[in-house]
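Structural characterization, general
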Amino acid sequence: MDRRSRATHRPRQREVIGKGRGSSMPPQQKTGKRIRFRRGAGTIVLTIGVAGCVHSSPVLRATHLSYWEALAELHPSDAVAAAHTESEKEFAEALGNLMDADLPHAEQRFGRLRRTATDSIIRTASRVIYTATLQYQEKWETLAALKTEATEPKGDRNDKAGIEMWAQAFRNIPAKKFTFNSASVRLAMSVSAVGTPLVPVRIGDKVYNFWLDTGSSLTMLSSDVARDLNITPLVKDTLEIVTSTGRVRASPALIPELEIGQMVVQNAPTMIVEQSMMQMSEARPIEQRKPVQIDGIIGFDIIRQLDLEVDYGESTLRVRNPATSRPEAERNMFWVGLPVIRLTSNEGIPLHFGLDTGAQLTFVTETLLDKLQLEASRTESRRIGGLGGEVSLRAPVLPEVRVFVRGFPILFRGAVVRAPVYQVLASLDGVLGGDVWNSGIVRIDMTNGVFAVRRPRMN
């Protein structure tokens, strides 16, 4: 798989330290418990775990889970069994609702626990996830009202990258509406110079090329495209989004209507970003690089409502109405603040990877090294670019690692080991980047909980 990278933009996040395991620590330094909670408009973060031996048995880890380990491994039923209080039990049950895509019950339970849980950690975590579920469902008015709550941290109330500021801007917009004029349609797509699929999107009487970015919580527009379409900001104040390389100024706006094939989206919230920031460069020396301009980004707010199949080799995109798609027997794709995919190792050990198709680099974490008892083979210098600039880093690199997606093998060659830019209600073993597109025909169907890869048809 090609190893180029782009760091995905993220809204500002708040961190609270309590119980659990920090995934960025070397395995031999994991001597205590802590949980990290971060809240932002695009994602939530909850890193949970316990101290462990570097070469602990995967079997023991899978069969003797503590409450916090079970949450980190996304096993809510095990967490329910290991719970010591009613608050812990309900929190784990709410996680099960979230993973089953039962958003109403998850929202209700987390909303109640943020006020009533006896454990302050559970209260804080519940508020984080409650806020994220409101954003995910685009309940902007309810979300904006949180700003007036006495329990709201004062530092967050006026942060231009805070979710409440974005919610305040979107609170009066009409509800988003999806219309499928065909149950399934196949479109021709192009591939950018940096290897990212470019999807044709019609807005008005014009067609633009947008990136598919599961790591972006909202759809985005380049400022020149917004001017071309006469789309103006909803508020006078310029807000911000946060990237791993810094903050980027952005303005909330509304796209009245956009079309992807026969699918029409009306009233799509969007973020307008300055044209100069909406470009990426190839992974070459600076003097040889030519930036690729981006018209816009289709974010997960739209992707999650579709059944998409990307055929990278044939340069085609199939868009289906997920209501007409046949679900698989078991979900392997969950939303827990961002989309998470359940994979398996050669030994059948469950692995959890975030899905961020806007990041060109697939990488793994130290959690995976610990879980599979692997060691990095060398250290390399890598450049990570994104909205707002670039950063360079030296990171350990793994030899070949084979994982399976519903039985389909994917081989990672030279995967970088690093901590995620974001984490979620899971101990992430890695993040699948945009290079997953060239591993086969990739299907993303959040509605039915399906992430799958299959071999291209032989000519």
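Quantities reported herein were computed from a predicted structural model and do not represent experimental measurements. (Residues numbered from 1 in each chain as written. Predicted model: local features only at pLDDT ≥ 70, side-chain atom pairs only at ≥ 80, totals over all residues. Heavy atoms only, no water.)

**What about the sheet that holds strand β29 (residues 441–445)?**
Strand order in this open sheet of five strands is β6-β18-β17-β29-β30, and the pairing throughout is antiparallel. The open sheet has two edge strands with one neighbour each: β6 (184–188) and β30 (450–454). Along the sheet, successive strands turn relative to each other by an average axial angle of 15°, direction set aside. In this sheet, strand β18 (residues 316–320) lies alongside strand β17 (residues 307–311) in antiparallel orientation, the contact comprising five bridges. Of the residues in β18, the one forming a bridge with Glu-309 is Arg-318. (Pairing = 2+ DSSP bridges. Helix = DSSP H or I, 4+ residues; strand = E, 2+ residues; numbered from the N terminus. Axes fitted to C-alpha atoms, helices over the stretch in contact; angles between N-to-C directions.)

**Focus on the pairing of strand β10 (residues 219–222)**
Alternating residues of β10 divide into Thr-219 and Leu-221 and Met-220 and Ser-222, and every residue in both groups is buried. Examined bridge by bridge, β10 and strand β13 (residues 263–273) share four bridges and lie parallel to one another. From the neighbouring strand, Met-220 faces β13, where its bridge partner is Met-271. In terms of strand pairing, β10 meets strand β16 (residues 296–298) through two bridges, oriented antiparallel. (Buried < 20%, exposed > 50% of the residue type's maximum accessible area, 1.4 Å probe, protein only.)

**Re helix α4 (residues 86–99)**
Compared with the 20 Å implied by 1.5 Å per residue over 14 residues, the 20 Å span of α4 between its first and last C-alpha is a close match. With respect to burial, α4 is a largely interior element, 11 of its 14 residues being buried. Taken together, the buried positions of α4 are Ser-87, Glu-88, Glu-90, Phe-91, Ala-92, Ala-94, Leu-95, Gly-96, Asn-97, Leu-98 and Met-99. Just beyond α4, the residue with positive phi is Ala-101, at close to 65°. (Expected span 1.5 Å × (residues − 1).)

**Regarding unusual backbone geometry**
With a phi angle near 65°, Ala-101 is a residue other than glycine that sits in the positive phi range. Here Ala-101 is to be found in the loop between α4 and α5 (103–116). We note that Glu-138 has phi near 55°; this positive angle belongs to a residue other than glycine. Overall, the relative accessible area of 18% leaves Glu-138 in the buried class.

**Comments concerning the pattern of salt bridges**
A full pass over the atoms with the stated rule returns 19 salt bridges. For Arg-109, the salt bridge identified is with Glu-93, shortest N-O distance 2.9 Å. Highlighted residues: Arg-109 in helix α5 and Glu-93 in helix α4, separated in sequence by 16 residues. With a relative accessible area of 26%, Glu-93 lands in the partly exposed category. In this structure, Asp-228 and Lys-206 form a salt bridge, with 2.7 Å as the shortest nitrogen-oxygen distance. You can see Asp-228 sitting in helix α10 (residues 223–229) and its partner Lys-206 sitting in strand β9 (residues 206–212), a full 22 residues away along the chain. (Salt bridge = Lys/Arg side-chain N within 4 Å of Asp/Glu carboxyl O.)

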